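# Residue-level structure breakdown
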Amino acid sequence: KNIIKYCNLLTSEIQLNERVLFVQTPQVILHAFNTDIALQKGYYLFPPTGIQYLCGSIEDFNLDVQILDLNFEILKKVHNDSTFDVNNWDIIFEEKLKSFKPSIICISCLFDVGISAMLKVIDISRRFENSIVIGGGVIATYERTTLLSEGSCHFVVEGEGESKLNYLLSVLYGKKNQVSSGIHFNLNGKYEETSGAPAPDVINLAGNIIDSYKLINISEYSKYGSLNPFSRSLENEEKP
């Protein structure tokens, strides 16, 4: 199988540790960022629920998993230092890479406004030594050919990622698992896709993601942004 061949090639060059970093890319328009709006909690800020489900789905691997929600970190930084230039947000990501030193970096982008930031995260990740880069989310799914042809991501996981990521990790870490379709990669200049389970996006939703909230600062999200404009309505009402 070509994916096994490709994974073996990667792991012969990259010595995997057991640290996996999930990155939620910025979800604000950075070139039009307004600090005053941010300080009034006017930007959307919600937990990376999709990533949390992914983290829950790979618990059996017993890996050291962390989540970096760049949208949260940027807004938090601005609240703590109003002089912070959001165009320097990549410093936050680079510091995380240096301190955590992951060998697998999973990057998720959900909205078009985050495309340029996603590309920058991927570029920094590829320049980071000893790491395998996996793209996922809506944007990576429909831009997968570009991401692979330009040598950005080692893999792109299409659609819902739970079963696909489990299979990919099982190959990279030398464990057995059922083959899953929808994993894209570029082997020797040839565009490849895995073929396997006929319904890879059907996942078991039993259980919950409560444990995954330990991976994010959920208690602080409401301090720096809002789920939607209505979530701030009671805050802004005058007290009797």
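Residues numbered from 1 in each chain as written. Predicted model: local features only at pLDDT ≥ 70, side-chain atom pairs only at ≥ 80, totals over all residues. Heavy atoms only, no water.

### Describing the nonpolar core
Core analysis: the largest hydrophobic core is formed by 70 residues, its most contacted members being Phe22, Phe93, Ile134 and Phe155. Of the residues forming this core, the biggest block, six residues, is contributed by helix 9 (residues 162–172). (Core = buried A, V, L, I, M, F, W, Y, C linked by side-chain atoms within 4.5 Å. Buried < 20%, exposed > 50% of the residue type's maximum accessible area, 1.4 Å probe, protein only. Helix = DSSP H or I, 4+ residues; strand = E, 2+ residues; numbered from the N terminus.)

### Here's the deal with the sheet that holds strand 5 (residues 155–157)
Reading across from one edge, 2-1-3-4-5-6-7 is the order of the seven strands in this open sheet, with mixed pairing throughout. Single-partner strands in this sheet number two, and they are strand 2 (64–69) and strand 7 (190–193). Taken pair by pair, the neighbouring strands of this sheet meet at an average axis angle of 20 degrees, ignoring direction. Across five bridges, the pairing between strand 1 (residues 19–24) and strand 3 (residues 104–108) is parallel. Along strand 3, the bridge assignment pairs Phe22 with Cys106. Packing against the sheet, helix 3 (residues 49–57) makes contact with strand 1, strand 2 and strand 3, and its axis sits at approximately 160 degrees to strand 1. Across the face of the sheet, helix 4 (residues 70–80) comes into contact with strand 1 and strand 2 while running at roughly 55 degrees to strand 2. (Pairing = 2+ DSSP bridges. Axes fitted to C-alpha atoms, helices over the stretch in contact; angles between N-to-C directions. Contact = heavy atoms within 4.5 Å.)

### Comments concerning a nonpolar patch on the surface
Together, Ile29, Leu110, Phe111, Val113, Val138 and Tyr142 line one region of the surface with nonpolar side chains, adding up to about 510 Å² of accessible area. Looking at the element boundaries, Phe111 is found in the loop between strand 3 and helix 6 (115–127). Taking relative accessible area as the criterion, Phe111 reaches 39% and is therefore assigned partly exposed. (Patch = residues over 30% accessible without salt bridge, like charges linked within 9 Å, V, L, I, M, F, W, Y side chains within 5 Å. Areas by Shrake-Rupley, 256 points an atom, 1.4 Å probe, with all protein chains shown as cover. Salt bridge = Lys/Arg side-chain N within 4 Å of Asp/Glu carboxyl O.)

### Some remarks on the pattern of salt bridges
For the coordinates displayed, the defined rule picks out three salt bridges. Across the pair Lys120 and Asp90 runs a salt bridge, and its minimum N-O distance is 3.7 Å. With Lys120 in helix 6 and Asp90 in helix 5 (residues 90–100), the pair connects residues that are 30 residues apart, well separated along the chain. Under the relative-accessibility criterion, Asp90 is labelled buried at 14%. A salt bridge links Asp123 to Arg127, with the shortest nitrogen-to-oxygen separation between them at 3.1 Å. One end of the pair is Asp123 and the other is Arg127, both in helix 6 and four residues apart, which spans about a single turn.

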